[in-house]
There are 2 protein chains.
Amino acid sequence: MRVSRCFLPVLKESPSDAQIVSHKLMLRAGLVRQTASGIYAWLPIGFRVLKKIEQIVREEQDRAGAQEMLMPTIQSADLWRESGRYDAYGPEMLRIRDRHDREMLYGPTNEEMLTAIFRDEAKSYRDLPRTLYHIQWKFRDEVRPRFGVMRGREFLMKDAYSFDLDEAGARLSYYTQLLAYLRTFQRMGIKAVPMRAANGPIGGDLSHEFIVLAPTGESEVFYDSAFEDMDWNREGLSYGDEAGLRELFEEVTTTYAATDETHDEGRWVDVPDVRKRTGRGIEVGHIFYFGDLYSVKMGLKVSGKDGIPVVPHMGSYGIGVSRLVGAIIEASHDEAGIVWPESVAPWTVGLVTMRGDDEPTVTAAEQLYRQLEAAGVETLYDDRDERGGVKLGSMDLIGLPWQLIVGPRGIANNMVELKNRRTGEKQELSVESALARLTS
Amino acid sequence: MRVSRCFLPVLKESPSDAQIVSHKLMLRAGLVRQTASGIYAWLPIGFRVLKKIEQIVREEQDRAGAQEMLMPTIQSADLWRESGRYDAYGPEMLRIRDRHDREMLYGPTNEEMLTAIFRDEAKSYRDLPRTLYHIQWKFRDEVRPRFGVMRGREFLMKDAYSFDLDEAGARLSYYTQLLAYLRTFQRMGIKAVPMRAANGPIGGDLSHEFIVLAPTGESEVFYDSAFEDMDWNREGLSYGDEAGLRELFEEVTTTYAATDETHDEGRWVDVPDVRKRTGRGIEVGHIFYFGDLYSVKMGLKVSGKDGIPVVPHMGSYGIGVSRLVGAIIEASHDEAGIVWPESVAPWTVGLVTMRGDDEPTVTAAEQLYRQLEAAGVETLYDDRDERGGVKLGSMDLIGLPWQLIVGPRGIANNMVELKNRRTGEKQELSVESALARLTS
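Residues numbered from 1 in each chain as written. Chains lettered and ligands numbered in written order. Predicted model: local features only at pLDDT ≥ 70, side-chain atom pairs only at ≥ 80, totals over all residues. Heavy atoms only, no water.

Right, let's get into the overall build of chain A. Helix and strand counts for chain A come out as 15 helices and 23 strands. Against the 2.2 N^0.38 benchmark of 22 Å for 440 residues, chain A shows a C-alpha radius of gyration of 24 Å, consistent with a compact globule. In terms of overall dimensions, chain A has C-alpha extents of about 80 × 60 × 40 Å along its principal axes. Counting the 440 residues in chain A, one finds 60% classified as buried. For chain A, the share of sequence-separated contacts (at least 6 apart) that also reach a separation of at least 24 residues comes to 70%. Accessible area for chain A stands at about 17100 Å²; split by element, carbon and sulfur atoms hold 47% of it. Computed over 55 positive and 68 negative side-chain charges, the separation of the two mean positions in chain A equals 3 Å. (Helix = DSSP H or I, 4+ residues; strand = E, 2+ residues; numbered from the N terminus. Rg over C-alpha atoms; globule rule 2.2 N^0.38 Å. Buried < 20%, exposed > 50% of the residue type's maximum accessible area, 1.4 Å probe, protein only. Contact = heavy atoms within 4.5 Å. Areas by Shrake-Rupley, 256 points an atom, 1.4 Å probe, with all protein chains shown as cover. Lys, Arg positive; Asp, Glu negative; His and termini not counted. Charge placed at Lys NZ, Arg CZ, Asp CG, Glu CD.)

Structural data, given as structure tokens:
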């Protein structure tokens, strides 16, 4: 993509209305613009990041055997009356009356809707187990939206729902999602620690939050740094392996991690001091097992093997897709701007000409751009006739993993500069070596 | 994907509440379920089709140089007051009050929002031309929703917006989208004919609708069948070529095509009788050039080359992504069910075992499934222990382009049956030949 043809507004100054670093950087680098309180438009660069995150979530859900579908944003109030949550939900639910004065709402979550759909279609034990998910915009009418997309009102969430014939099956579905979550966050390059949590208004008695350290987090967290060294793609860990999944659950629940809500000083003292991690944390995912709570309330049952009706056990599993854009920036930035993990970067390479009016520089950059694109390397090419320093500053702010810098002095000797955004390390390389490095 | 693990509810009987064939087939084949009047949940198979259509739209927009972003569904009423459309829009606009009693609405389109975003960011002539688009759910509170996703209330739309420095540039942007639309629909295997249309509430004086023939269409249409033979990917037609784009526009506007609104008997008599096509048609896309209408109302201007402020000319360009699922079925089905064009089919191959309890049959099918998946051929494998006839009926209903049928008699001689869903043609082939045919 050529910057000269992009809609990529970059701010020189730090916006005064943003309180936290991720929000500031998202505004400065042109990822989002607020269009109403707590509601954001995703500009092209932010949209690309959002899609990368969404795609990682999708791939790991698919690998875990969940099936994608898509539920609408607007729901009927009657559905929520069946579960009793219409009155219970409070003012965070955006309630709407349509032109026929029917009570509707903008869905904050989808337990009711999917339970109703599943109830109407699933007839027999053969139709279970199933885990279904969708990635859809939700709305929660926060009284005081803040921190940009971290606590907005309209937000993108992946929510999955599992249906099993009994508690043992439902727990396996829960463990399967647990593993999918650990792998999802690992792929995004962040340390999201699973912590035992209260079930809250969803109901049930088994729940974990996935929390990323960030100074602006809503809760205080305490965990064993052993979590930071665990590899969730290690050999011997696979979705089909029931014993392995149970061991994973054991491992996750015996390694210490808690929010201030669930913190236990008695167990915390047993964690060696060098492995103690504390700070504030942001929730990026939350999983729940709630048994037959919704099945009973909404009359979901299927015929069992012996013909006797069975009431399915359910769980639900959320990931804050749009919130993750902010959370990743909170966890990965420096003085100069964002530092994207490669897996979620809007582009992999930022190609910069130091002089837009020097013919050999432009010719070399144009050719590099074509070669990188042909090799499938996602490249943002700053081809503007603008001062080199300004362009480098923007690239640092936008935070692509690699900068490939072409200038008149270097190119006279067939040399370019390759900069690693994370380490800051710069190398002078021949054009061919730089290309080989980025396309290998 | 294995049917035994899929959420794929298929109805044996035709649903009584559906009036048109696409709606009936979408319910029977398990593509959607209604969750409230005019609001649908997309079940896994419908979701896959929706995503395929969305992806074709996206790729052709990207090729045409448009840049993707994403605007929120909920908008502030104040934005619409700037253009004067808040009061003008009428009861199809879903109006909402949030917890602070602020007036909001569920966006039916985004001219106002993007004009405001662009106004705040674009400063100079260098920031133009730009065409931005998003693919987002919209809401129009139809008084009497019907025909399933064809006239629903919550629907998925691609809407693009172009910003140019003058009318000549804006017309080129319009022609560029015109070509992108023709290519988009051609890729989906449908004949969508561009017809001159009234601009209506969007404003302006240049507009085309893209219309697909279907007996339940909302308007009567008249067109020259020459449109059906045009290849929009022919040589000599490219986005950068201004003269070629102007010729394309000439060609499209001189070849006869009109709805009852714009029909001209005087010109119609000149179309040779053998090339006359009439019938009812469904709108699947609509493009508008409306000059400086929104720019003036909303105060969008940039500094020109000579420093004098310039008021940009705009156009907007919509495609009904969710509606297309219905429109394609209207245009492509038979007595037995849906007949998907390959480019939008939820899977390419339906693999069926005629006997789920015959070991050689199952072994052969399992291996074929692995081989097809490994070759990247999207396969729906009906591995259920269910009568072969029932499974074949479901496959016809679902409408995948190819059926690969494995039965005990054939497999004893290493033979399988390959059926083309569209033509009905069946061939007995060796396992290896069938595989080669599908993976080549």
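Facing the 58 residues of chain B at the interface are 58 residues of chain A. The junction of chain B with chain A conceals about 4700 Å² of combined surface from both sides, 61% of it contributed by carbon and sulfur atoms. The interface formed by chain B and chain A contains 4 salt bridges. A salt bridge links Asp98 of chain B to Arg153 of chain A, with the nearest nitrogen and oxygen atoms 2.8 Å apart. On the surface where chain B and chain A come into contact, there are 24 residue pairs in polar contact (both at pLDDT 80 or more). Its residues assigned to classes, the side of chain B that touches chain A comprises 31 nonpolar, 8 polar and 19 charged. (Buried area = accessible area lost by both parts, 1.4 Å probe. Salt bridge = Lys/Arg side-chain N within 4 Å of Asp/Glu carboxyl O. Polar contact = N/O pair within 3.5 Å; in protein donor to acceptor, adjacent residues only side chain to side chain. Nonpolar A, V, L, I, M, F, W, Y, C, P; charged D, E, K, R; others polar.)

The transformation that overlays chain B on chain A combines an axial shift of 0.0 Å with a rotation of 180°, and the residual RMSD is 0.0 Å. What the rotation and shift describe, once combined, is the action of a two-fold rotation axis. Across chain B, the rotation axis passes nearest the C-alpha of Ile96 of chain B, at a separation of 2.9 Å. The share of interface residues of chain B whose copies in chain A are also at the interface is 100%, consistent with both copies meeting through the same surface. (Least-squares fit on C-alpha atoms with pLDDT ≥ 70 in both.)

Within the structure shown, the criterion is met by 31 aromatic pairs over all chains. On the basis of an interplanar angle of 10° and a centroid distance of 3.9 Å, the ring pair of Phe118 of chain A and Phe163 of chain A is categorised as stacked. On the criterion of sequence distance, the pair formed by Phe118 of chain A in helix α5 (residues 111–121) and Phe163 of chain A in strand β8 (residues 154–164) is long-range, its members being 45 residues apart. On the basis of an interplanar angle of 45° and a centroid distance of 5.7 Å, the ring pair of Phe185 of chain B and Phe210 of chain B is categorised as tilted. (Phe/Tyr/Trp six-rings, centres within 6.5 Å; stacked < 30°, edge-to-face > 60°.)

Before going further, it helps to examine the pattern of salt bridges. Scanning all chains against the criterion turns up 72 salt bridges over all chains. Residues joined by salt bridges that share partners form a network here, namely Asp78, Arg81, Arg97, Asp101 and Glu103 of chain A.

Our next topic: the side chain of Arg33 of chain A. Take Arg33 of chain A: it is sitting in strand β1 (residues 32–36). On the basis of relative accessible area, Arg33 of chain A is assigned to the buried category, the value being 10%. At 2.9 Å, the side chain of Arg33 of chain A and the backbone oxygen of Leu27 of chain A are in polar contact. Beyond its immediate chain neighbours, meaning those up to four positions away, Arg33 of chain A contacts Pro9, Leu11, Met26, Leu27, Ile39, Tyr40, Ala41 and Leu43 of chain A together with Glu121 of chain B.

All names here are of chain B. In a regular helix each residue adds 1.5 Å, so 20 residues correspond to 28 Å; helix α2 (residues 44–63) covers 28 Å between its end C-alpha atoms and thus fits that length. Among the 20 residues in α2, 14 count as buried, and that is most of the element. Phi turns positive, to about 90°, at Gly65, one or two residues after α2. (Expected span 1.5 Å × (residues − 1).)

For the rest of this paragraph, the subject is the sheet that holds strand β5 (residues 94–97) of chain A. Residue and element names in this part refer to chain A. Within the open sheet, the 3 strands sit side by side as β4-β6-β5. Their pairing is antiparallel. The sheet terminates laterally at β4 (74–76) and β5, the two strands that pair on one side only. The average angle at which neighbouring strand axes cross in this sheet is 40°, direction not considered. (Pairing = 2+ DSSP bridges. Axes fitted to C-alpha atoms, helices over the stretch in contact; angles between N-to-C directions.)

Low-pLDDT stretches of the model should not have their predicted coordinates read in fine detail. Of all residues in chain A, 99% have pLDDT values of 70 or greater, and the mean over the chain is 95. For this predicted complex, the interface score ipTM comes out at 0.96, alongside a pTM of 0.97. (pLDDT = per-residue confidence, 0-100.)

Residues and elements named next belong to chain B. Ordered by their spatial adjacency, 3 strands build an open sheet running β4-β6-β5, and the pairing between neighbours is antiparallel. The strands lining the two open edges of the sheet, one partner per strand, are β4 (74–76) and β5 (94–97). The average undirected angle you get between the axes of adjacent strands in this sheet is 40°.

Below, the discussion takes up the packing of helix α2 (residues 44–63) of chain A against α2 of chain B. For any two helices packed against each other, one specifies the inter-axial angle together with the distance between the axes. In the contact formed by α2 of chain A and α2 of chain B, the axes pass within 17 Å of each other and the chain directions differ by 150°. In this view, α2 of chain A runs roughly antiparallel relative to α2 of chain B, as classed from their interaxial angle. For α2 of chain A against α2 of chain B, the interelement crossing comes out left-handed. For the pair α2 of chain A and α2 of chain B, contact is made by Lys51, Glu54 and Arg58 of chain A and by Lys51, Glu54 and Arg58 of chain B, respectively. Residues belonging to the contact of α2 of chain A with α2 of chain B are distributed by class as follows: no nonpolar, no polar and 6 charged. (Parallel < 35°, antiparallel > 145°, perpendicular 65-115°, else oblique. Left-handed = near helix turned anticlockwise from the far one by under 90°.)

Residues and elements named next belong to chain A. With 13 residues, helix α8 (residues 242–254) extends 18 Å between its outermost C-alpha atoms, agreeing within 8% with the 18 Å of an ideal straight helix rising 1.5 Å per residue. Every buried residue belonging to α8 is among Gly244, Leu245, Leu248, Phe249 and Val252, and all of these are buried. Considered in projection along α8, the buried side chains sweep an arc of 145° and stay on one side of the axis. Of the residues in α8, the exposed ones pointing more than 90 degrees away from the buried face are Glu247 and Thr254. Residues of α8 that are buried in the fold lie against α6 (167–187), β9 (193–196), β10 (206–213) and α7 (226–229). Measuring from the side-chain oxygen of the N-cap residue of α8 to the backbone nitrogen of Ala243 gives 3.3 Å; that N-cap residue is Asp241. (Arc of directions from axis to C-beta.)

This next bit is on the domain arrangement of chain A. Residue and element names in this part refer to chain A. When the domains of chain A are assigned, the result is domain 1 (3–338) and domain 2 (349–439). Of note, the centres of domain 1 and domain 2, computed from C-alpha atoms alone, are 38 Å apart. Contact with domain 1, which involves 17 residues of that partner, is made by 13 residues of domain 2. Regarding the contact of domain 1 and domain 2, the summed buried area is about 1200 Å², with carbon and sulfur atoms giving 57% of it. A salt bridge links Arg421 to Asp334, with the shortest nitrogen-to-oxygen separation between them at 2.7 Å. Linking domain 1 with domain 2 are 8 residue pairs in polar contact (both at pLDDT 80 or more), by the criterion used here. Those elements giving two or more residues to the side of domain 1 that touches domain 2 turn out to be α1 (21–28), α2 and β18 (337–338). In terms of residue count, α2 provides more of the side of domain 1 that touches domain 2 than any other element does, 3 residues in total. (Domains from an automatic or database assignment.)

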